Amino acid sequence: AAMARIFLFLVCVVSVFAQNITLSPIILPAPPGPYVSKLSVHVLTDTSRPDPYNSSEPHRRLVVSVFDPVPKSQCSKTCEVQYMPPATAAHEDASIGLNVPLLEQFKLSGICCNQYSNEDTPLLIFSTGFGVSRLEYGAMAQYVSSYGYTIVTVDHTYDADIVEFPDGQIALGVFTGNTTDAEVAGALAVRTEDVLFVLDAVTKGAHGCSYSYKANKVGMYGHSLGGVTASNAMLNDTQHRITGGINLDGGYLGPVLEDGLGSGKKSFLLFGSAVHNSSSDPSWEQFWETTDKLDPQDWRKEIHLKDSLHTTFSDFPLLADVSGFRQIDPDLVNGELGTINGVRAMQILTTYITAFFNMVLKGKKEPLLGGPSKEFPEVYFTRSG
């Protein structure tokens, strides 16, 4: 089921809406990095394959958001933009049982709204959790982009519970809460093809992408099944462009468990919640055993975030604390999103994601990845390759 359904603010917001049906906009804080982001949305069409989920679609179409970093000195005006478009927000509100607007109240701030084009920054691809909209990670993408990265977040059409195209067309997800292991494995295979197609499109300026990024080395990260997609995309990238990947708390399946990360020099980070590690998850243990055997030269590490749960690795903790909803019913919110403060969680995730890709794509030494840090005591290390 979509992660929006896990974002159970139903109990805590009912009392708020009973008193005030029309909420004021909730502005998410601008990222702290030295760049602001230019945000654009593209529809990419893969004419080489039909849509695997909809036989009436002759070609696979994907919606992506691109967060381009813009030096603050070159951005004359910043704007606030909707966190989600109306139909998507209404769908997600309904999925958690609300009959009044909630998610459409949120806005991203600090988005550069003057003309700017930058095709020469490090490139990262992001893949979502299973059944989840890319928009539920937009704040995280903006935060990472603020440190000088172009981030492309991918909606996997008919896998995500809803995809709203720029022309208003809606594609609803085909999976239910009773998804089988075979269906998830099939979705992983589709996602892997999606990612490699998107990578081709944005580096060649083709298939609906209006400009190309000059990147011969690319990074990828993802949450849940998206993190597993990152591993499998690295394995299947015959051009060896994806040289670094991060799995944010995703349980493993697919070819990587048998075949590792593939040939060439690779780096990979497992970033788990406080309750998810290679001791508790046999698939993580198998990932380590396989990569130790097949990829012993590759940089690999496993770290964890204290007081976190699976859903901590999304925007929702940030939304909960910026909006004040956690204070209304902390037990409910803590039970779904973890007890770590959402603003702090976003700071930590952004810091470690950018530190990893600074090392992989920029060749910087990152002592933060060497072991525990007094600045970030919430992060602990459990395993190294």
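Only a predicted model underlies this, so the values are computations on that prediction, with no experimental measurement involved. (Residues numbered from 1 in each chain as written. Predicted model: local features only at pLDDT ≥ 70, side-chain atom pairs only at ≥ 80, totals over all residues. Heavy atoms only, no water.)

### With respect to the packing of helix 4 (residues 181-204) against helix 5 (residues 225-236)
Applicable threshold: In this analysis an axis means a line fitted to C-alpha atoms, helices contributing only their contacting stretch, and an angle means the value between N-to-C directions, from 0 to 180 degrees. Here a strand is any run of E in DSSP of at least two residues, a helix any run of H or I of at least four, and the numbering for each starts at the N terminus. Throughout this description, any angle smaller than 35 degrees is read as roughly parallel, any larger than 145 degrees as roughly antiparallel, any in the 65 to 115 degree range as roughly perpendicular, and the remainder as oblique. A clockwise turn of the near helix away from the far one marks a right-handed crossing, whereas an anticlockwise turn of less than a right angle marks a left-handed crossing. The criterion used for residue contact is that any of the two residues' heavy atoms lie within 4.5 Å. Under the scheme applied, nonpolar residues are Ala, Val, Leu, Ile, Met, Phe, Trp, Tyr, Cys and Pro; charged residues are Asp, Glu, Lys and Arg; polar residues are all the others, including Gly.
The geometry of helix 4 relative to helix 5 is characterised by a closest axis approach of 9 Å and an angle of 60° between their N-to-C directions. The orientation of helix 4 with respect to helix 5, classified from their angle, is oblique. Between helix 4 and helix 5 lies a crossing of right-handed hand. On helix 5, the residues that touch Val 184, Leu 188, Arg 191, Thr 192, Val 195 and Leu 196 of helix 4 are Leu 225, Gly 226, Val 228, Thr 229, Asn 232, Ala 233 and Asn 236. A per-class count over the contact of helix 4 with helix 5 returns 7 nonpolar, 5 polar and 1 charged.

### Description of the packing of helix 8 (residues 316-323) against helix 11 (residues 342-362)
For the pair helix 8 and helix 11, interaxial distance at closest approach is 7 Å and the crossing angle is 145°. The two elements helix 8 and helix 11 cross, and the hand of that crossing is left-handed. Here Pro 317, Leu 318, Asp 321 and Val 322 of helix 8 come into contact with helix 11, specifically with Gly 342, Val 343 and Met 346. Partitioned by chemical class, the residues of the contact of helix 8 with helix 11 number 5 nonpolar, 1 polar and 1 charged.

### A short note on the state of the cysteines
Quick note on the threshold: Any two cysteine sulfur atoms lying within 2.5 Å of each other are counted as a disulfide. With a 1.4 Å probe rolled over the protein chains alone, any residue whose accessible area is under 20% of its type maximum counts as buried; one over 50% counts as exposed, and the rest are partly exposed.
Inspection of every chain in the model, using the stated rule, returns 2 disulfides. In this model Cys 75 forms its disulfide with Cys 112; the gap between the sulfur atoms is 2.3 Å. Here Cys 75 and Cys 112 share a disulfide; its torsion about the S-S bond, 120°, makes the bridge right-handed. Placement of the pair is Cys 75 in the loop between strand 3 (60-71) and strand 4 (78-82) and Cys 112 in strand 5 (residues 106-112), with a sequence separation of 37 residues. Of the two residues, Cys 75 and Cys 112, neither departs from the other in class, the shared state being buried. Counting its disulfide-bonded cysteines in sequence order, the protein chain shows a connectivity of 1-3, 2-4.

### Focus on the pairing of strand 7 (residues 150-155)
Counted only if it meets this: Paired strands, in this sense, are two strands between which DSSP finds at least two bridges. Seen with the strands pointing away from the viewer, any crossover whose path from the first strand over the helix to the second strand runs clockwise is right-handed.
Among the 6 residues of strand 7, 6 are classified as buried, and the element is accordingly described as predominantly covered. Both strand 3 and strand 7 contribute to a ladder of 5 bridges, which runs antiparallel. Along strand 7, the bridge assignment pairs Val 66 with Val 152. Both strand 6 (residues 123-127) and strand 7 contribute to a ladder of 5 bridges, which runs parallel. Across the sheet, the residue bridging to Leu 123 is Thr 150, located in strand 7. Assessed by its sense of winding, the connection that carries the chain from strand 6 through helix 3 (residues 138-145) to strand 7 is right-handed.

### Observations concerning the confidence of the model for the protein chain
Applied cut-off: For every residue, the pLDDT score states the predictor's confidence, bounded by 0 at the bottom and 100 at the top.
Per-residue confidence for the protein chain gives a mean pLDDT of 91, with 92% of residues at or over 70. The model gives residues 1-21 a pLDDT under 50, and that stretch makes 53 contacts with residues more than four places away or in other chains.

### Some points on the side chain of Thr 157
With respect to the helices and strands, the residue Thr 157 is situated in the loop between strand 7 and strand 8 (162-164). According to the relative accessible area criterion, Thr 157 is buried, its value standing at 2%. Leave out the neighbours within four places in its chain, and Thr 157 touches Tyr 53, Arg 60, Arg 61, Leu 62, Val 163, Phe 165 and Ala 171.

### Brief notes about the nonpolar core
To be explicit about the condition: Here, nonpolar core refers to any group of buried Ala, Val, Leu, Ile, Met, Phe, Trp, Tyr and Cys residues whose side-chain atoms link them within 4.5 Å.
Judged by nonpolar contacts, the single largest core of 54 residues is most densely connected at Phe 106, Tyr 221, Ile 246, Phe 271, Tyr 352, Ile 353 and Phe 357. Ranked by residue count, the leading element in this core is helix 11, at 11 residues. Apart from the residues lying within four places of it in its own chain, the contact partners of Ile 246 are Met 220, Tyr 221, Gly 222, Gly 227, Ala 230, Phe 268, Leu 269, Phe 271, Ile 353, Phe 356 and Phe 357. Within the second largest apolar cluster, 41 residues are counted, among which are Val 195, Ala 215, Leu 257 and Phe 268.

### Observations concerning helix 11
Applied cut-off: Each helix should span, by expectation, one fewer than its residue count multiplied by 1.5 Å. Side-chain atoms alone can form a polar contact between residues adjacent in sequence; in general such a contact is a pair of N or O atoms within 3.5 Å, and within protein one must be able to donate a hydrogen while the other accepts it.
With 21 residues, helix 11 should cover 30 Å at 1.5 Å per step; its first-to-last C-alpha distance of 28 Å lies within 8% of that length. A large share of helix 11 lies buried, amounting to 15 of its 21 residues. Between the side-chain oxygen of the N-cap and the backbone nitrogen of Val 343 there are 2.9 Å, and the N-cap of helix 11 in question is Asn 341.

### Comments concerning the packing of aromatic side chains
Threshold: Stacked, tilted and edge-to-face are the three classes assigned to paired rings of Phe, Tyr and Trp, where Trp is represented by its six-membered ring and a pair needs centres within 6.5 Å; plane angles under 30 degrees give stacked, over 60 edge-to-face, the rest tilted. Note on criteria: charge over ring means Lys NZ or Arg CZ within 6 Å of the ring centre, with the direction from the centre no more than 35 degrees off the ring normal.
Taken as a whole and judged by the stated rule, the model has 15 aromatic pairs. Geometrically, the ring pair formed by Tyr 83 and Phe 106 is edge-to-face, given 6.4 Å between the ring centres and 65° between the ring planes. Separated by 23 residues along the polypeptide, Tyr 83 in the loop between strand 4 and helix 2 (86-95) and Phe 106 in strand 5 bring together distant segments of the chain. We note that Tyr 83, like Phe 106, is buried. Both rings, one in Phe 126 and one in Tyr 137, keep their centres 4.8 Å apart while their planes meet at 50°; by these two values the pair is tilted. Here Tyr 137 lies in the loop between strand 6 and helix 3 and Phe 126 lies in strand 6, a separation of 11 residues in the sequence. Phe 126 sits in the buried class, given a relative accessible area of 1%. Every member of this aromatic cluster is reached through a ring pair, and the members are Phe 126, Tyr 137, Tyr 149, Tyr 221, Trp 299, Phe 356 and Phe 357. Arg 61 extends its terminal NZ or CZ atom over the ring of Phe 165, reaching a point 4.2 Å from the ring centre.

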